[in-house]
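The residues making up each chain are set out below.
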Amino acid sequence: MKKYILSLAVLSLFYTKSDACAWSDSDYDYFNLFTQSIIKDKSYLPFLHNLSSRFYTDYNTALIPDDNLDTWKKFFNNQLNAAETANLVYKISMNDLNALKNGNPTNPLLQKLGPGFYQKYREGIDYLIEAKYLEPYMRINFIEGENSFYYEGGTNKNNATSLDYQKTIAALTSLYQAARNPEIKQRYGYQLVRFNHYTRNYDAAVQAFKTFVEPIKLKGSVYFMALDQLAGAQRGLEMNTDANWNFFQVFMNTRDRKESAFVSMKLSDTASFSNIMKKANTNEEKNMAYFLLGYEDFNNPIPIMEKMYEINPDSEILKVMAARSINELERSYLPDYYYASDASTHPYVSRGNTDSNAPSKDAKSGTETKAPEVKEEKVSFWQKIVRFFKNLFGGSKSDKTGNAKADQSDDELLNNPNRIPFYTTGYGYDEETQNFLNDLEKFTAKTKEKSKDEYWQIADAYLKFLKKNYKESTEILSDIKTTNPEYLEQIKRMKVLNDIVAQPKIDADYEDHLMKDYAEYFVEKEVKQDTATTNYDYYGPVPSTAAFLKDVLANRYFLQGEDGKSYLMNNKLSDLQYNPNSSLVKSVEEFYRKKDKTRFETQIIAKNLNDVGNIDAFFSMIYGDRAMRQADFEKAKSYYEKAQSFAGIPRENYEWTEKDGQKITQKQYTSDEYDGFKNISSLVFGHNVWESYESPDFESMKPENYSDFPFIKNRMNKVELADALVQLKKIGAGTGEKAAKANQLIGNLLYNTSILGYYRQMFVMDIDNSNGGKYYFWNTNRKNPYQYYYKNFLDTSYIEPDNFDLSIGYYQKALKLSSNNEEKARILFQMASAEQGKYYQYEAKNQLKYNYSDPKWSEKEQAHQTELDHLRNQQYRTYFAQLKAQYSDTQTARDLMGSCSYFGYFMKR
């Protein structure tokens, strides 16, 4: 995991919600490759499929026509364009219109329209003057009730009751009677219905509709605006059946009021829907009623779609239902993140007290060795099960030798049996989901034969894609004849998807093909941002087609054994610091040093070889650290000598302020700060006096006697540290107390830089010892947790495990050479600490697989823990037992009993 330096303001953003689910936006965690919004009737855009809000919102609202504006535009004989009409109707003030009426307009648009405009459209302008006068008050009055704490009425206290009721009714009635244009007359009728509705004079509103709206034999946008108000008044009178029907009519006959009309309808029970169906006389009404039912209850839309098909296979709303169904499938088949599934392959384990008989420790517990505190991993919102990659791309490398199976057939790649689901909500990639896909495919195949719209051919081709029938999908797409630009874009994208996903192996020739024909999906366009303010994005970018294709290629490279390329498809070179496991680092370096890179490798992959100061030094540092962990000090020194231009572990500081937003800067190390290479304290050769990773080293650690080893400096860089170890190793090969101390110091360093030691960050490319994935015990024998690609690299920590036998081996040499019982007691205690590391590794690899549905799971868990405790006491207490048996009378042992509660407990039992 990355360790960021964050301001408190940013941390508050991260921790305002308690769990991963609270972060999650389900509309960000899958690849939406089929564009729902290609439906032709854009008024139905709000009814496309999404889960994070009541209605679909990922569209330009300008795409939905404004019925009222279109009516006004027609009223003015199209003399004004759409923007000018909107300006006149919605933006120009009442005073500006009065100035026009008086012959002295000051507004530029009104001046442009000329002096004859008012005379020509006098009734319309007079109506707009009255409407603009009323508009600030046109909201229903808020009446406080028992649930009024949910709503405070807003900051604008004006509402319809702020106007004089009698005067307003009289004025509108007079204007209605004076108007000669039927459309304007009906508009005044609409205002009368609305005013009565908003003043809660519901009976008067119903009567006003009958008196002032219905007699005008027009059923355009104004009529349905008034009908919408009538339905609201009927709801107030609890005439719910009539209200529902009228809202239904508004929904069906308007384009910009569908969302509000749907909200106003109450189809939450079978009876209300039956009432709609009973009143539905025309096929259009029946079709719309079926659509509403299918939209509201989307568990299995196919039966509803069949009924809609029987009425009208060319229905636009049938396409909406199909788009929603396809999108639902995408959420199961195309999650944007793939995470390890089986509990046995989970990278981290939580470990509480490992001895049920041991007493609890106090704050300063002495030098007792235990595993670092491990918190149960929180699976972040994007860490969803990616069944699609398992089924579509294939699985993990299955060659037992560890070699990539580059010669796997397409069927092998796409039907890898290693598919254990990790997350199975919704349809899941199960029999139900596959049945749904099959049923929808049958439906689209049938509909495309009846409908004249190419949409159904595109949908059918996409479902073939989801079923891995890439060739058939492409053939369908190639036969489509259309001029619709949105259809053409979807067809183009799907052809690319079929081509790339169907490719079992990516070689140099295919990479050239990608750059020649599909560069737009891989070459990132420069996005200009205001560097002063960067809003924090909780969910990251919306998963795109380009991101999907990169994941496909990352998977292919992974299966081909080109781990370096696979890694760099999704990560930066600098990210290796977070999980510097040797084989991956080596593969990345091989790609870095490759001379004859293809254009794709150069422009797309190599761009992620980002600035780490000096790349050669960066690699040498990682290799040197690995050699140190293997106790190969000579090799480590040779690597460190090549890393002396190392610029420091490339960390970033993240700061957030209300004024400037998020600010990212490169971490600058101070002259006395550990940067991954220099400023290493000689305490790394000492021993801990109490276990506290958070305390300064001079509090947690105590130095040994270094007087015989002048080459151990108070502050060292890694070249000097490795050189000191080389010299200690030579001295340790001799005899006597000095050789014993040399071996003890080497053992101390190896233990202190292990997962249990205070300096555990030293050889794993970390800047401090604060808790994180690097310090969790790995609970599987698999050498690489990444099964399909490295997209989840920063969310799954893995470094090669510590070899505690190395430190124990040097301690054994020291024990054999020393004749000082006090030193022997200390050495045995250190050996016991390292031995505990071996036990924690064993325990982590032998976790009980919990089945919480088993009524006896608690008993089984306790039995398992008892078995572990017994095993530990029998096999992993060797050096504690030897210390107790041979050196319990030493002052060192007595001091340890006082400072380490567990050792005290062990000695007394």
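As the structure is a prediction and not an experimental result, all values here were calculated from the model.

Engineer: Please explain the nonpolar core as it appears in this structure.
Structural biologist: In terms of nonpolar packing, the biggest core is built from 209 residues, with F291, L576 and F685 touching the most fellow members. Once residues lying within four places of it in the same chain are set aside, the contact partners of F685 are E704, Y706, I712, M716, L721, L725, L728, L745, N748, L749 and N752. Counting 30 residues, the second-largest nonpolar core is a separate cluster that includes F777, I808, Y840 and Y887.

Engineer: How should the packing of aromatic side chains be read in this particular structure?
Structural biologist: The description of two aromatic rings rests on the distance between their centres and on the angle between their planes. Taken as a whole and judged by the stated rule, the model has 54 aromatic pairs. Relative to F212, the ring of Y176 lies with its centre 4.8 Å away and its plane at 75 degrees, an arrangement referred to as edge-to-face. Of this pair, Y176 sits in helix α9 (residues 165–178) while F212 sits in helix α11 (residues 202–213), placing them 36 residues apart in sequence. Judged by its relative accessible area of 8%, Y176 falls in the buried class. Residue F212 is classed as buried on the basis of its relative accessible area, which comes to 15%. Taken together, the aromatic side chains of F34, Y309, F443, Y455, W456, Y462, F465 and Y470 make up a single cluster linked through ring pairs. Sitting above the plane of the F251 ring, K258 keeps its charged end 5.0 Å from the centroid. One Lys or Arg, R760, reaches over the ring of Y693 and ends 3.8 Å from the middle of that ring.

Engineer: In this structure, what is going on with the environment of T161? I would like to understand it.
Structural biologist: For T161, the position within the fold is in the loop between α8 (122–134) and α9. Here the alpha-carbon distance between T161 and N141, two residues 20 residues apart in the chain, equals 6.5 Å. Not counting chain neighbours up to four residues away, the residues in contact with T161 comprise N141 and T199. Within the local environment of T161, its side chain forms a polar contact with the side chain of N159, the two groups lying 2.3 Å apart.

Engineer: Would you mind showing me how to read the packing of α11 against helix α12 (residues 221–236) here?
Structural biologist: Helix-helix packing is characterised by the crossing angle of the two axes and by the distance between the axes. With their axes 8 Å apart at the nearest point, α11 and α12 run at an angle of 150 degrees to one another. On the basis of the axis angle, α11 is roughly antiparallel to α12. Relative to α12, the crossing made by α11 is left-handed. Between α11 and α12, the residues in contact are Y202, A205, V206, F209 and V213 and Y223, A226, L227, L230, A233, Q234 and G236, respectively. Looking at the contact of α11 with α12 residue by residue, the class counts come to 10 nonpolar, 2 polar and no charged.

Rules used in this analysis
Residues numbered from 1 in each chain as written. Predicted model: local features only at pLDDT ≥ 70, side-chain atom pairs only at ≥ 80, totals over all residues. Heavy atoms only, no water. Core = buried A, V, L, I, M, F, W, Y, C linked by side-chain atoms within 4.5 Å. Buried < 20%, exposed > 50% of the residue type's maximum accessible area, 1.4 Å probe, protein only. Contact = heavy atoms within 4.5 Å. Phe/Tyr/Trp six-rings, centres within 6.5 Å; stacked < 30°, edge-to-face > 60°. Helix = DSSP H or I, 4+ residues; strand = E, 2+ residues; numbered from the N terminus. Lys NZ or Arg CZ within 6 Å of the ring centre and 35° of its normal. Polar contact = N/O pair within 3.5 Å; in protein donor to acceptor, adjacent residues only side chain to side chain. Axes fitted to C-alpha atoms, helices over the stretch in contact; angles between N-to-C directions. Parallel < 35°, antiparallel > 145°, perpendicular 65-115°, else oblique. Left-handed = near helix turned anticlockwise from the far one by under 90°. Nonpolar A, V, L, I, M, F, W, Y, C, P; charged D, E, K, R; others polar.

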